[in-house]
Amino acid sequence: MRRIVRCICIVLALSFMLALPVSANSDDNQRASMFFSVYSVYIAENGGTYFQACYSVTGKNTMQEIGATWMEIQESDDGVVWTTVRTVTTEFYPQMICYNTIGHSWWFGYSATSGKCYRLEVNLWAKNSLGTGERTVYSDPVWF
Amino acid sequence: MVNDNRYDLNKRELETLSTADLELLLRAELENGGSDGRVVREIMGILRQRDAENPKMIPQSVEVALDEENRKPELEKTRSKHNAFRQICKIAAVAATLVIVVLGVPHAFGADSIVELVASWTKGTFQFIRPGETIAQTTEYVFEAEHAGLQEIYDTVSDLGVTVSVVPMWVPDGFTLTEIKVTENIKTTTVQAKLEFENLYIVLQIIIHKYTCPPQSQLVKDENSIEKKEIGDIVHYLMCNSGEYVAAWVTGPVEGIILTNTSKEMLVDIIRSIY
């Protein structure tokens, strides 16, 4: 009896741990927006270990500011545990945000380590007369 | 009172000692930092008295020692200054080491740093980059806004080698091209163009895939269902996003998206004009 209760507790705990981030992520990315119309975050590569960490974002009508405030390149050995190996921000790359425009596409070149998996975490950003909007979006992981 | 009695007793005892013994005792007392100052003064008083009675009794070394005793507070001040200076030096050395370690290995922490950055510039842009790192360059096309229209978009897309039909040949009267820009990476080329008339807009986004790969774009939509419309043998997906009408489709290596706040009917008419 005790074993069964223990098992149920473990399953419930794991369910909560896994469900919370998934629901927060999907909720954030599936609702209509007053700021964003289209976006994409992806790793562009052509066979070698060099890749471009890309994002493209199109706003609803002309935005005072649009782009991304930061982008993290994350590395993993197993595709499960991720470590940030590079953070790119507007502080050093002001080109990440464009002004008074409908949309913005930008990328950052990076050299991968062979045998490792990479993904991007990007904080998309837009500002218009209504206020500001942001979304944190992950790319699909890519093995090198 | 107890101290005074002991003092008197010590004085008497001191007077019984020979000058040489007193000198030795005085040196010992002076070398001992925590000694009682009264004992030193007493010894010196006895030695001075004996010197007056018999000059040259007090050796020069004892005078120097006495001077040092008198200058003790001053020396202590100097010592504490030296100690403070040493501490500052230590802190500065630790801080310098930390700065070197943190700035010297920025990659390990994924942090941005001005170390290793180099300045890079073109005719119209300036930026700081790390050696070997590259970032996107966006080309913004210059055109005469008053007369610009769909032809500019068509020419831009054709120049990029696109042969499939993707640019509309019709938009409602009054719309003029206000913006067009192209961004390229190793996988795709993205063209974003905007036509405007008063508060209305039509945005055309064309993503040209250089290799066979699935579309990357995520379209933001509200909870209403997606409508499929087959026009020109291509399925177009129509949806809404908070008052904006959106169409998305794929033809060959090209991903097409139209966004407009005009109407759904107008959006369909614009799509029809592509084929």
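Each remark here, short or long, concerns the structure printed above.
Residues numbered from 1 in each chain as written. Chains lettered and ligands numbered in written order. Predicted model: local features only at pLDDT ≥ 70, side-chain atom pairs only at ≥ 80, totals over all residues. Heavy atoms only, no water.

## Looking at the packing of aromatic side chains
Residues and elements named next belong to chain A.
Moving on, step 1. Within the structure shown, the criterion is met by 10 aromatic pairs over all chains.
Moving on, step 2. Measuring from ring centre to ring centre gives 5.6 Å for F51 and Y110, while their planes differ by 50°; the resulting arrangement is tilted. Taken together, the residues F51 in strand β2 (residues 50–76) and Y110 in strand β4 (residues 97–111) connect sequence positions 59 residues apart. Pair check on accessibility: F51 and Y110 agree, each one buried.
Moving on, step 3. Each residue in the set F51, Y110, Y118 and F144 is aromatic and connected to the rest through ring pairs, giving one cluster. (Phe/Tyr/Trp six-rings, centres within 6.5 Å; stacked < 30°, edge-to-face > 60°. Helix = DSSP H or I, 4+ residues; strand = E, 2+ residues; numbered from the N terminus. Buried < 20%, exposed > 50% of the residue type's maximum accessible area, 1.4 Å probe, protein only.)

## Some thoughts on the environment of E255 of chain B
Residues and elements named next belong to chain B.
Moving on, step 1. On the secondary structure map, E255 appears in strand β11 (residues 254–260).
Moving on, step 2. When its relative accessible area of 5% is taken as the criterion, E255 is described as buried.
Moving on, step 3. Note: C-alpha distance between E255 and I207 (48 residues apart in sequence) is 5.0 Å.
Moving on, step 4. Separated by 3.0 Å, the side chains of E255 and H209 make a polar contact.
Moving on, step 5. Of note is the side chain of E255, whose polar atom sits 3.0 Å from the side chain of S217. (Polar contact = N/O pair within 3.5 Å; in protein donor to acceptor, adjacent residues only side chain to side chain.)

## Quick notes on the interface of chain B and chain A
Moving on, step 1. Contacts between chain B and chain A engage 46 residues on the former and 46 residues on the latter.
Moving on, step 2. A combined buried area of about 3,700 Å² lies between chain B and chain A, and 48% of that area is made up of carbon and sulfur atoms.
Moving on, step 3. Inspection of the chain B/chain A interface yields 19 residue pairs in polar contact (both at pLDDT 80 or more).
Moving on, step 4. Among the elements of the structure, β2 (126–129), β4 (176–184), β5 (188–197), β6 (200–209), β7 (218–219) and β11 of chain B are those that each provide at least two residues to the side of chain B that touches chain A.
Moving on, step 5. Ranked by residues supplied to the side of chain B that touches chain A, first place goes to β5 of chain B with five residues.
Moving on, step 6. In terms of residue class, the side of chain B that touches chain A is made up of 16 nonpolar, 18 polar and 12 charged. (Contact = heavy atoms within 4.5 Å. Buried area = accessible area lost by both parts, 1.4 Å probe. Nonpolar A, V, L, I, M, F, W, Y, C, P; charged D, E, K, R; others polar.)

## Focus on the pattern of salt bridges
Moving on, step 1. Under the definition given, this model contains eight salt bridges over all chains.
Moving on, step 2. For E196 of chain B, the salt bridge is made with K194 of chain B, and the minimal N-O distance between the two is 3.2 Å.
Moving on, step 3. Overall, E196 of chain B belongs to the partly exposed group, its relative accessible area being 25%.
Moving on, step 4. Relative accessible area serves as the criterion here: at 0%, K194 of chain B is assigned to the buried category.
Moving on, step 5. Where K229 of chain B meets E227 of chain B, a salt bridge forms, and the shortest distance between an N and an O atom there is 3.8 Å.
Moving on, step 6. What makes E227 of chain B partly exposed here is its relative accessible area of 28%.
Moving on, step 7. In this structure, a network of salt bridges that share partners links the residues E75, D77 and K116 of chain A. (Salt bridge = Lys/Arg side-chain N within 4 Å of Asp/Glu carboxyl O.)

Structural measurements only, silent on function.
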